[in-house]
Amino acid sequence: MNPRYSLLLLGFCTPVLGADGLAIYTHGGAKPAAMACASCHGADGMGMAAAGFPRIAGLPEAYLERQMRAYREGLRANPVMQPIAAALTEDETRIVLQYVSTLPAPAYPQITRAAEARDAGAVLALRGDWPQGIPECVSCHGPGGVGVGGDFPPLVGQPENYLMDQLDAWRKGTRKGDPQDLMGRIARAMNEAQVSAAAGYFSALKPGTAVPAQTTDEPASKTANAAPPPSAAPSTSGFTPPAEDSLGDDPFSQLVRQGRALFVDTAREARPFVGNGMNCVNCHLDQGRLGGSGPLWGAYPMYPAWRVKDKAVDSYADRLRGCFRFSMNGTEPPVDGPVIQALAAYSYWLSTGARIGLAPAGRGYPAIPEPAGGYDLVQGQKVYGQSCAICHGTQGQGMKVGEGYVFPPLWGADSYNWGAGMARLDYAAAFIHTNMPLGQGNTLSPADAWHVAAYMNSHERPRDPRMIDGSVEKTRAAFHAGQPTLYGATVNGVRLGAGTP
Ligand code: HEC
Ligand code: HEC
Ligand code: HEC
Ligand code: HEC
């Protein structure tokens, strides 16, 4: 065969090879409508802010693929990208997206919830607007909005007008196809002022900006921004805690801020006392403010109190120390040390104006009845796969950015231990029903909440620190008898309770 002819043939059969990602990116696909990506997204993939062309460099491949499919199928309506997505062949799409996902993006600061929130954009990003059903953006998009895994794209590095357009598109229904309607539901809960505040915040973060450490000694400034601080919005529960920006810079306010930072970033701020990857806020949402999520203002006024668990009248400090021993699988901080002092001050401040000894509506986690036919681990596993695995991982392992968890683990070595309240099926079902999936509380049926709670707690986790003689049997008899828990039960041939290695 004529060598030139065979080359041509080869060219037809395999129109694009691995190295051609760059070629498609800079020159376009085979069809003229498949325009060169670089002409709009820039040679480096960092977009063009003035035109509102987004950054695509370094976005996760799974996310990129979903977006191109959404353009092709019309789930994402856009007159510029739809014809381009339609003109690319399947192979071209795959190859160019592979290339795009490997384009380097600069490192952005990882700003956590422990940082101050000084204006409406930062409040939304780092505190959320829970009374309106809006979690902190960073709780899904990672610290500083750097992105998490293949499903939660970075918000940093995106132009302000692009971010605003996307949120508006969800509000108008012209962008769909996000997994489990996780983003759509949140965008629809946002008002125009919040859209522009959030877009302004993330687009203004610059690469390499120093990561603000805990800034407990600086006052929160009062700003005249459009979006109200979370607690100023009407609360659905029986009590409204004071707004964060009512704190000054006096020693009391500083102690309160320190308590808040400990509460939201416990694994870092109280490292010596934490034995897993959890933070208090993981189970007490909205910084311990949210009714139905074990709010601190529901707890503080109710102590000292008799606790069956300890067979004693516990002070509030005792109660807090128990959280470290069980939920945090760690060791109890000294009762008069700085950790307990600051957490108690934070709780005391959140309870400003609450009635002592009178449980307010919204305390704890609202109990839900166990299904009449009992719980079902198979149904629980199904619910888990559909509604939970995208964030908490198929193995319940959670998801990290750097050292810290964004999505906390539900079982395994970094989770709460067998002595924790969450290891009880009734508490877990109640928490899950009211609070999960994140941003979609009260959407699971009570029965499904029980099924998935049981599935979650049918996996091994760190051992009960009260374990007697290494015996699950003895420990069960002493501490778990008569409680709704799978401690000591045998599931799939495994006797639960021995603990993770
Ligand atoms: C003529 C300009 C233009 C060209 C050429 C172009 N894009 Fe785009 N791209 C845009 C615009 C504008 C948007 C935002 C559209 C929207 O609002 O949905 C976008 C959005 C995207 C997104 C979604 C980003 C996100 O964060 O969700 C991806 C992925 C993408 N483009 C990939 C490509 C690829 C791959 C190519 C080359 C084959 C390409 N684009 C060529 C203008 C362009
Ligand atoms: C419950 C989880 C969750 C929370 C909380 C969340 N997001 Fe998202 N967000 C997502 C998911 C999932 C996507 C990807 C959607 C898709 O695949 O189409 C997304 C995508 C986005 C996008 C599109 C990015 C792009 O490149 O096109 C923007 C903008 C956005 N989110 C803004 C926000 C803002 C602002 C907040 C806080 C007010 C927020 N998100 C909070 C889950 C969340
Ligand atoms: C794994 C989830 C989880 C974590 C992490 C967690 N808690 Fe809790 N917490 C619970 C559950 C469930 C309850 C209610 C059941 C119980 O009494 O054990 C509770 C109860 C409380 C109460 C009493 C509430 C009341 O109304 O009486 C306080 C106070 C508290 N936790 C503080 C903390 C602090 C402080 C931390 C961090 C050091 C923390 N929790 C970490 C799940 C958790
Ligand atoms: C969109 C992501 C997302 C989905 C989906 C989701 N969660 Fe969560 N979940 C979170 C985040 C984030 C937290 C921690 C909240 C915080 O720190 O503010 C959390 C906390 C928890 C906790 C308490 C902390 C822990 O690790 O023990 C449990 C239990 C839990 N989720 C169970 C579930 C179950 C069961 C489902 C499915 C019905 C589910 N979640 C779906 C994001 C999610």
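Residues numbered from 1 in each chain as written. Chains lettered and ligands numbered in written order. Predicted model: local features only at pLDDT ≥ 70, side-chain atom pairs only at ≥ 80, totals over all residues. Heavy atoms only, no water.

Participant: For this particular structure, what's the right way to read the overall build of the protein?
Facilitator: Across its full length, the protein holds 22 helices and six strands. Computed over C-alpha atoms, the radius of gyration of the protein comes to 25 Å, within 12% of the 23 Å expected from 2.2 N^0.38 for 501 residues, which places it in the range of a compact globule. Burial status across the protein gives 52% buried among its 501 residues. Of the roughly 22300 Å² that the protein leaves accessible, carbon and sulfur atoms contribute 57%. (Helix = DSSP H or I, 4+ residues; strand = E, 2+ residues; numbered from the N terminus. Rg over C-alpha atoms; globule rule 2.2 N^0.38 Å. Buried < 20%, exposed > 50% of the residue type's maximum accessible area, 1.4 Å probe, protein only. Areas by Shrake-Rupley, 256 points an atom, 1.4 Å probe, with all protein chains shown as cover.)

Participant: Explain the site of ligand 2 here, please?
Facilitator: Among the 28 residues in the neighbourhood of ligand 2, the closest are listed as Cys137, Cys140, His141, Tyr162 and Met183. Tyr63 places a side-chain nitrogen or oxygen 3.0 Å from an oxygen atom of ligand 2. Between ligand 2 and the protein, one listed contact pairs an oxygen atom with a side-chain N or O atom of Arg66 at 2.7 Å. Mapped by element, the contributors of at least two residues to the shell around ligand 2 are helix H4 (61-73), helix H8 (138-141), helix H9 (160-172) and helix H10 (182-189). The element that contributes the greatest number of residues to the shell around ligand 2 is H9, accounting for five residues. Split by residue class, the shell around ligand 2 holds 18 nonpolar, five polar and five charged. (Near = heavy atom within 4 Å. Polar contact = N/O pair within 3.5 Å; in protein donor to acceptor, adjacent residues only side chain to side chain. Nonpolar A, V, L, I, M, F, W, Y, C, P; charged D, E, K, R; others polar.)

Participant: Looking at this structure, I do not really get the environment of Ala169. What am I missing?
Facilitator: Along the chain, the position of Ala169 falls in helix H9. Classification of Ala169 as buried rests on a relative accessible area of 11%. Setting aside its immediate chain neighbours within four residues, Ala169 contacts Thr174 and Arg175. (Contact = heavy atoms within 4.5 Å.)

Participant: Explain the coordination of the iron atom of ligand 3 to me, please; I cannot follow it from the model alone.
Facilitator: Ideal geometry at a metal centre: 109.5 degrees between donors when four sit tetrahedrally, and 90 or 180 degrees when six sit octahedrally. The protein supplies the iron atom of ligand 3 with one donor atom, His284 (NE2), which lies at 2.1 Å. Tracing the sequence through the fold places His284 in the loop between helix H13 (266-269) and helix H14 (285-288). (Donors = N, O, S within 2.8 Å, 3.2 Å for Na, K, Ca; no water.)

Participant: Is there a simple way to think about the pairing of strand S4 (residues 404-407) in this case?
Facilitator: Looking along a regular strand, one sees the side chains alternate between the two faces of the sheet. Where strand S3 (residues 399-401) lies against S4, three bridges are found, and the strand directions are antiparallel. Bridging across to S4, Val401 finds its partner in Gly404. What sits between the antiparallel neighbours S3 and S4 is a turn of two residues, in which Gly402 has the positive phi angle 65°. (Pairing = 2+ DSSP bridges.)

Participant: Sorry, what's going on with unusual backbone geometry here?
Facilitator: Across residues other than glycine, the phi torsion is negative in most instances, and most of the peptide bonds are trans. Backbone torsion omega between Tyr303 and Pro304 reads 5°, so that peptide bond is classified as cis. Mapped onto the elements, Pro304 comes out in the loop between helix H15 (296-299) and strand S1 (305-307). Residue Pro437 is bonded to the preceding Met436 through a cis peptide linkage, with omega at -10°. Among the structural elements, Pro437 can be located in the loop between helix H20 (425-435) and helix H21 (446-456). Positive phi outside glycine occurs at Lys311, with the angle close to 45°. Topologically, Lys311 is positioned in the loop between S1 and strand S2 (312-314).

Participant: Just to check I follow, could you spell out the coordination of the iron atom of ligand 1 for this structure?
Facilitator: With distances of 2.0 to 2.3 Å, the protein atoms coordinating the iron atom of ligand 1 are His41 (NE2) and Met81 (SD). Coordination at the iron atom of ligand 1 is octahedral: its six donor atoms span angles of 86 to 178° at the metal. Of this pair, His41 sits in helix H3 (residues 38-41) while Met81 sits in helix H5 (residues 81-87), placing them 40 residues apart in sequence. Of the two residues, His41 and Met81, both sit in the buried class. (Tetrahedral: all angles 85-135°; square planar, octahedral: opposite > 155°, others 65-115°.)

Participant: I keep staring at the domain arrangement of the protein and nothing clicks. Help me out?
Facilitator: One widely used convention gives an interface's size as the accessible area the parts lose upon coming together. Splitting the protein by domain gives domain 1 (3-102), domain 2 (120-208), domain 3 (244-350) and domain 4 (377-495). Each of domain 2 and domain 3 has a C-alpha centre, and the two are 29 Å apart. (Domains from an automatic or database assignment.)

Participant: It is not clear to me how a nonpolar patch on the surface should be interpreted in this structure. Could you clarify?
Facilitator: A contiguous nonpolar surface patch, about 360 Å² in accessible area, is contributed by Trp306, Val308 and Val313. Within the secondary structure layout, Trp306 lies in strand S1. Residue classification places Trp306 among the exposed positions, given a relative accessible area of 56%. (Patch = residues over 30% accessible without salt bridge, like charges linked within 9 Å, V, L, I, M, F, W, Y side chains within 5 Å. Salt bridge = Lys/Arg side-chain N within 4 Å of Asp/Glu carboxyl O.)

Participant: I'm lost on the nonpolar core in this one. Help?
Facilitator: Within soluble globular proteins, side chains that are nonpolar generally end up buried alongside one another. Phe152, Phe324, Tyr384, Ile432 and Met456 are the most contacted members of the largest nonpolar core, which has 79 residues in total. The contact partners of Phe152, leaving out residues within four places of it in the chain, are Cys140, His141, Gly147, Leu182, Ile390, Cys391 and Phe407. (Core = buried A, V, L, I, M, F, W, Y, C linked by side-chain atoms within 4.5 Å.)

Participant: Sorry, what's going on with helix H12 (residues 251-264) here?
Facilitator: Given 3.6 residues per helical turn, the α-helix brings residues three or four places apart onto the same face. If you check H12, its first and last C-alpha atoms are 20 Å apart, about what 14 residues at 1.5 Å a residue would give, namely 20 Å. Every buried residue of H12 is listed here: Ser253, Val256, Arg257, Gly259, Arg260, Ala261, Leu262, Phe263 and Val264. Taken together, the buried residues of H12 touch H13, H14, H15 and helix H17 (338-350). (Expected span 1.5 Å × (residues − 1).)

Participant: Explanation requested: the site of ligand 3 in the structure shown.
Facilitator: Every one of the 21 residues lining ligand 3 counts as a neighbour, but Cys280, Cys283, His284, Arg319 and Arg363 are closest to it. The side chain of Tyr303 places a nitrogen or oxygen atom 3.0 Å from an oxygen atom of ligand 3. Contacts to ligand 3 include Arg363, whose side-chain N or O atom sits 2.8 Å from an oxygen atom. In terms of residues, the shell around ligand 3 owes the most to one element, helix H16 (residues 316-325), which gives five residues. Of the residues that make up the shell around ligand 3, three or more belong to each of domain 3 (244-350) and domain 4 (377-495).

Participant: Which parts of the structure should I look at to understand the pattern of salt bridges?
Facilitator: Between side chains of opposite charge, a pair can form as their charged atoms come close. If you walk through the whole model with that rule in mind, you get 14 salt bridges. With its nearest N and O atoms 3.3 Å apart, the salt bridge here joins Glu136 to Arg113. One end of the pair, Glu136, is in the loop between helix H7 (120-126) and H8; the other, Arg113, is in the loop between helix H6 (90-102) and H7, and 23 residues separate them in sequence. Neither Glu136 nor Arg113 differs from the other in exposure class; each is buried. The partner of Arg321 in a salt bridge is Glu332, and the shortest N-O contact between them spans 3.7 Å. With Arg321 in helix H16 and Glu332 in the loop between H16 and H17, the pair connects residues that are 11 residues apart, well separated along the chain. With relative accessibility at 33%, the residue Glu332 sits in the partly exposed group. Several salt bridges share partner residues, and in doing so they unite Arg127, Glu244 and Arg260 into one network.

Participant: Please clarify how the side chain of Arg466 should be interpreted in this entry.
Facilitator: Inspection of the secondary structure assignment puts Arg466 in the loop between H21 and helix H22 (472-480). The class of Arg466 is buried, set by a relative accessible area of 14%. A polar side-chain atom of Arg466 sits 2.8 Å from a polar atom in the side chain of Asp464. Not counting the four nearest positions on each side in its chain, Arg466 is found in contact with Lys309, Arg325, Phe326, Gly419, Thr475, Phe479 and His480.

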